[in-house]
Structures are given as C-alpha cells and as structure tokens.
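Single-letter residue listing:
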Amino acid sequence: MKRVAEAPERMGEPGQDTSSSLQADEALLEDDGLREDDILTGAREVFQIEADSVLAVAERLDERFVEAARRMLAVPGRIVVSGVGKSGLVARKVASTLASTGTPAMFLHPVEGAHGDVGVLLRGDLLLAVSRSGNTDELAALLPAVQRLDIPVIVLTGDPDSPLALQAEVVLDVSVREEACPHDLSPTASSAAAMAMGDALAMTLVRLRNLQAEDLARLHPGGLIGRRLLWRVDDVMVRGEEVPMLPPDAGLDEAMHAIAHRRGTVPIVDDQGRVVGVITAGDLTRFAGEHADFLSHAVPEAMNPSPKTVPSGTLATEALTLMEAHGIMAVPVVGESGRLLGIVHLHDVLRARVR
C-alpha cells in the first residue's frame with residue numbers, strides 16, 4: 001500500500017487547514033483501487049453473507065424452537081435475557097423487543113449480575129442466555145444462582161456442544177458458516193442470526209398470545225404506534241359549545257358568519273340533533289357564484305345533504321384517511337341515530353401526529 005502524508009495529529013483545530021488531509025484520503029482511495037464499484041461490491045457481500053446466515057438458521061428450526069417458545073409462553077415470571085460483548089447488545093435488543101410486544105422481559109448484564117444484580121432473579125423467571133461461543137465466563141458465573149432458584153435456561157449459541165449449552169434445558173443453534181468480517185473474526189453474521197432468532201421468538205409469542213394491534217399499541221403510548229392505534233376522533237374533535245351547527249331553516253347569511261368564525265365547516269342539524277347536512281366555505285362560494293342574491297337564500301339550497309360523517313370511537317387515522325380521500329377539511333362525529341357529538345378537523349388530526 002502506498003503511504004500518503006500523515007494527517008495532523010489533531011483534526012479540526014481552529015484555523016487549521018484540513019484540505020491536505022482530505023486530499024490525502026482521496027489519494028489513498030485511488031492508490032488502493034477502492035473505486036465506487038469496489039466499495040459497493042464489498043457492502044453487498046456483507047448483506048449477502050448475513051442474509052444467507054439468517055436463512056440457514058431458519059432452515060434449521062425444529063422442535064427445539066417450539067419447546068423454547070412454549071416454555072417462554074408458560075413462564076410465570078419474566079424472561080431475563082443476558083449476554084456480554086456483541087452478544088450482550090443482541091440480548092439487550094431481544095429483551096426490549098420481548099417487553100414491547102407483551103412478554104415481561106428485562107436485560108441482566110452478567111458482569112453486574114456477578115456483583116450483586118443477580119438478586120433481580122426470582123423463582124418463576126426464565127434465563128435466555130446469548131453467547132456466540134457458548135463458553136462465556138461471565139454467563140457461567142450466573143448459573144449457580146440460576147440453579148438455586150430452579151430457573152430454566154434457554155441458550156442461543158453458535159456452539160450447541162459448548163459448556164453453556166450443556167447446562168441449558170433448550171439450545172437454539174444460531175451458528176453461521178462465516179462472519180461478514182473479512183478476517184472472519186468480528187461478530188457480524190452471527191449477531192444478525194442471533195438477533196433474528198430473538199425476533200422469531202418474540203413474534204411467535206405475539207401470535208401464541210393472540211395479541212392484536214391495539215394490545216401492542218398500549219405498550220407504546222408515547223410513540224407513533226400508540227398514537228396511530230389508540231387515538232380516536234373523540235380525543236381530537238371539537239366538542240360542546242365550540243361545535244358549529246345551524247338548523248335547516250337558517251339563512252345563508254347566518255351560514256356565512258358561522259363559516260367565517262368556525263373554521264370553514266358547519267354541520268346542519270335537525271331538532272333531534274341529527275346531522276342532515278354540512279355547509280362549507282366551498283359550498284357557499286359555489287352557490288354565491290350562481291346567485292347574486294345568495295344571502296337571501298336558505299341553507300338547504302347550498303348545503304351538502306349527504307355529508308361524510310364518522311361514528312364516535314373511530315380511529316383518528318381512519319378519519320384522516322377519509323378526509324384526504326374526499327378532499328374535505330372536517331368531518332362531523334356522530335353517535336347513535338346520527339346525533340352530532342363533535343367535529344374533527346384535518347389540522348387537529350395532523351397536529352396529534354397520528355401519522
């Protein structure tokens with residue numbers, strides 16, 4: 001490899017010219033033959049190796065996976081997921097996925113566990129250990145406490161014959177033929193395989209528990225998933241005295257005043273409070289273009305007698321889709337017998353960030 005001028009020891013100091021180092025980097029790429037195609041080819045090889053590894057693990061799934069899923073479903077306590085290094089990061093993600101999809105779970109760092117945190121383990125829990133080698137000293141140090149509490153152990157490992165695997169009730173083989181690392185050292189494909197196995201377990205538990213989208217949304221109340229699946233039109237609609245409405249015998253002069261002061265859409269309700277029409281700024285404008293004396297006319301002549309409405313309890317996302325599909329800015333919310341309960345505006349739904 002051709003050497004280039006050394007970069008300054010400290011980059012980005014005030015007043016320092018970094019153009020020479022950038023030119024050096026470009027020269028290095030050119031001298032090494034690392035053209036754009038080479039870089040993309042190398043990246044695609046990583047994707048291919050990891051994809052092949054995950055598919056190979058999927059093809060090896062057997063009754064051991066079924067047994068692991070059943071044990072996890074039946075556990076009366078929590079799924080305690082543990083691992084160290086890259087496997088520890090995978091374990092954190094698996095624990096988070098389980099917890100966010102309805103399975104009580106937590107991550108236990110094995111090093112911290114050996115220094116007192118093992119006290120979080122309770123009889124009735126299940127230990128899900130993630131170890132590429134299956135020969136992790138930190139995880140092995142947890143086993144005495146696990147055994148004293150009769151906590152069952154499931155192991156995700158690349159070596160089904162490893163010491164850790166031999167002490168587990170269920171072993172899930174996540175071994176890979178090769179890592180994506182060019183030196184076959186850094187955990188890459190093996191991490192992807194273990195992550196996919198954890199996801200497969202979590203999603204299997206979702207199906208076994210027959211959890212619906214609304215159930216999962218309750219576990220994400222502060223995020224987009226929760227807003228999308230939990231927020232109803234009742235949560236964002238205008239209600240009470242703020243709801244604009246007019247009787248069918250109102251004049252267009254009254255309608256014009258209501259439209260101007262009530263955000264452009266006014267439901268027309270009968271003496272039973274039922275929605276019998278809607279008049280909008282667009283309706284009024286079109287009618288005025290055809291009738292110079294439009295202010296002397298009554299509301300029914302200009303209103304839409306078959307307006308779009310949504311029942312109370314409708315998801316806010318459904319109301320948003322309806323308004324976008326029909327090009328309307330607001331839609332009345334109705335209860336039994338079509339009685340007006342409120343009105344939901346496009347801007348209010350968008351402000352609630354349900355999409």
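Residues numbered from 1 in each chain as written. Predicted model: local features only at pLDDT ≥ 70, side-chain atom pairs only at ≥ 80, totals over all residues. Heavy atoms only, no water.

**Student:** Can you help me understand the sheet that holds strand β4 (residues 153-157) in this one?
**Tutor:** By definition, the strands of a sheet pair up through backbone hydrogen bonds, in either a parallel or an antiparallel sense. Judged by pairing direction, the sheet is parallel, and its five strands sit side by side in the order β2-β1-β3-β4-β5 without closing on themselves. Unpaired on one side and paired on the other, β2 (105-107) and β5 (170-173) mark the two borders of the sheet. The mean inter-strand angle of the sheet, taken between neighbouring strand axes irrespective of direction, is 20°. Summarising the sheet, strand β1 (residues 79-82) and strand β3 (residues 126-131) pair through four bridges and their orientation is parallel. By the bridge assignment, Ser-82 is partnered in β3 with Ala-129. The sheet contacts of helix α4 (residues 86-100) involve β1, β2 and β3, and relative to β2 the element is tilted by about 160°. (Pairing = 2+ DSSP bridges. Helix = DSSP H or I, 4+ residues; strand = E, 2+ residues; numbered from the N terminus. Axes fitted to C-alpha atoms, helices over the stretch in contact; angles between N-to-C directions. Contact = heavy atoms within 4.5 Å.)

**Student:** Whenever I open this one, the sheet that holds strand β6 (residues 238-239) confuses me. Can you help?
**Tutor:** With respect to topology, four strands assemble into an open sheet ordered β6-β11-β10-β9, the strand pairing being mixed. Two strands close off the open sheet at either side, each with one partner strand: β6 and β9 (310-311). Strand direction decides the pairing type here: β9 and strand β10 (residues 330-334), joined by two bridges, are parallel. Within β10, the residue paired with Val-310 across the bridge is Val-333.

**Student:** Help me understand the environment of Leu-108 in this model?
**Tutor:** Tracing the sequence through the fold places Leu-108 in the loop between β2 and α5 (110-114). The sequence separation of Leu-108 and Ala-95 amounts to 13 residues, and the corresponding C-alpha distance is 9.3 Å. Beyond its immediate chain neighbours, meaning those up to four positions away, Leu-108 contacts Val-80, Val-81, Ser-82, Gly-83, Gly-113, Asp-117, Val-120, Leu-121 and Leu-142.

**Student:** Looking at this structure, I do not really get the environment of Arg-60. What am I missing?
**Tutor:** Along the chain, Arg-60 turns up in the loop between α2 (36-59) and α3 (63-74). Sequence-wise, Arg-60 and Val-174 are 114 residues apart; in three dimensions their C-alpha atoms are separated by 8.9 Å. Sequence-distant contacts of Arg-60, that is, excluding residues within four places in its chain, are made with Asp-173, Val-174 and Ser-175.

**Student:** I tried to follow the side chain of Ser-87 on my own but got confused; where do I start?
**Tutor:** When you line up the elements, Ser-87 lands in helix α4. If we skip the residues at most four places from it in the chain, Ser-87 touches Val-130, Ser-131 and Arg-132.

**Student:** Sorry if this is basic, but what is going on with unusual backbone geometry here?
**Tutor:** Note: most peptide bonds trans; most residues except glycine with negative phi. In the Ramachandran plot, Asp-150 falls in the positive-phi region, its phi being about 55° despite a non-glycine side chain. Locating Asp-150 in the fold gives a position in the loop between α7 (143-148) and β4. Note on Asp-150: relative accessible area 62%, which makes it exposed. Residue Ser-337 is not a glycine yet carries a positive backbone phi of 60°. Among the secondary structure elements, Ser-337 is positioned in the loop between β10 and β11 (340-345). Ser-337 gets classed as exposed once you look at its relative accessible area, which sits at 63%. (Buried < 20%, exposed > 50% of the residue type's maximum accessible area, 1.4 Å probe, protein only.)

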